[in-house]
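# Fold and contact review
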Amino acid sequence: TSQKPPASFKNIISENQLASLLQDISKIANNNEVKILQLKPFRESQANNQDNKAKQGGKVTPFSIILDLSSGYHNLGRFINELENLPTFVSVRDIKIEPQEDNYLKQKVNLTLRTYVRK
């Protein structure tokens, strides 16, 4: 049985590895039949960043990744589980799930992830 390492043992990526993380997220979505409608990474503003700078000594920058998804409920659960099992630190910050009007088996999902990037 494989256990995921505690968050303290998760990797913090460098900025040039961010594109690779986004590709990993896309692969996990494809493997779980989760359709990514939009994927938008962005560096969090300095106002949101103050508490993290105090904790980390300014060595890491928080990045948010906003995903608009279309997915079945159970597929979404597997997708989030695999994200949490990545060796890179990724956490779910916010999730909003709404039914799709044209397909009752699928949900519209707005998911916000957070990761940290080393400077």
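Higher on the page you've got the structure.
As the structure is a prediction and not an experimental result, all values here were calculated from the model.

## Some remarks on the packing of helix α1 (residues 18-31) against helix α3 (residues 73-84)
One can describe the packing of α1 onto α3 by two numbers: an axis separation of 9 Å at closest approach and a directional angle of 145 degrees. Relative to α3, α1 is oriented so that their crossing is right-handed. The residues of α3 that touch α1, namely those facing I25, I28 and A29, are F79, E82 and L83. Classifying every residue of the contact of α1 with α3 gives 5 nonpolar, no polar and 1 charged.

## Some thoughts on the pattern of salt bridges
A full pass over the atoms with the stated rule returns 4 salt bridges. Linking R114 and E44 is a salt bridge whose minimum nitrogen-to-oxygen distance equals 2.4 Å. Here E44 lies in the loop between β2 (35-43) and α2 (46-56) and R114 lies in strand β5 (residues 103-118), a separation of 70 residues in the sequence. On the accessibility criterion, E44 (6% relative accessible area) is buried. Of the charged contacts in the structure, one is a salt bridge between K96 and E98, with a shortest N-O distance of 3.3 Å. Judged by its relative accessible area of 49%, K96 is partly exposed.

Thresholds applied
- Residues numbered from 1 in each chain as written.
- Predicted model: local features only at pLDDT ≥ 70, side-chain atom pairs only at ≥ 80, totals over all residues.
- Heavy atoms only, no water.
- Axes fitted to C-alpha atoms, helices over the stretch in contact; angles between N-to-C directions.
- Helix = DSSP H or I, 4+ residues; strand = E, 2+ residues; numbered from the N terminus.
- Left-handed = near helix turned anticlockwise from the far one by under 90°.
- Contact = heavy atoms within 4.5 Å.
- Nonpolar A, V, L, I, M, F, W, Y, C, P; charged D, E, K, R; others polar.
- Salt bridge = Lys/Arg side-chain N within 4 Å of Asp/Glu carboxyl O.
- Buried < 20%, exposed > 50% of the residue type's maximum accessible area, 1.4 Å probe, protein only.

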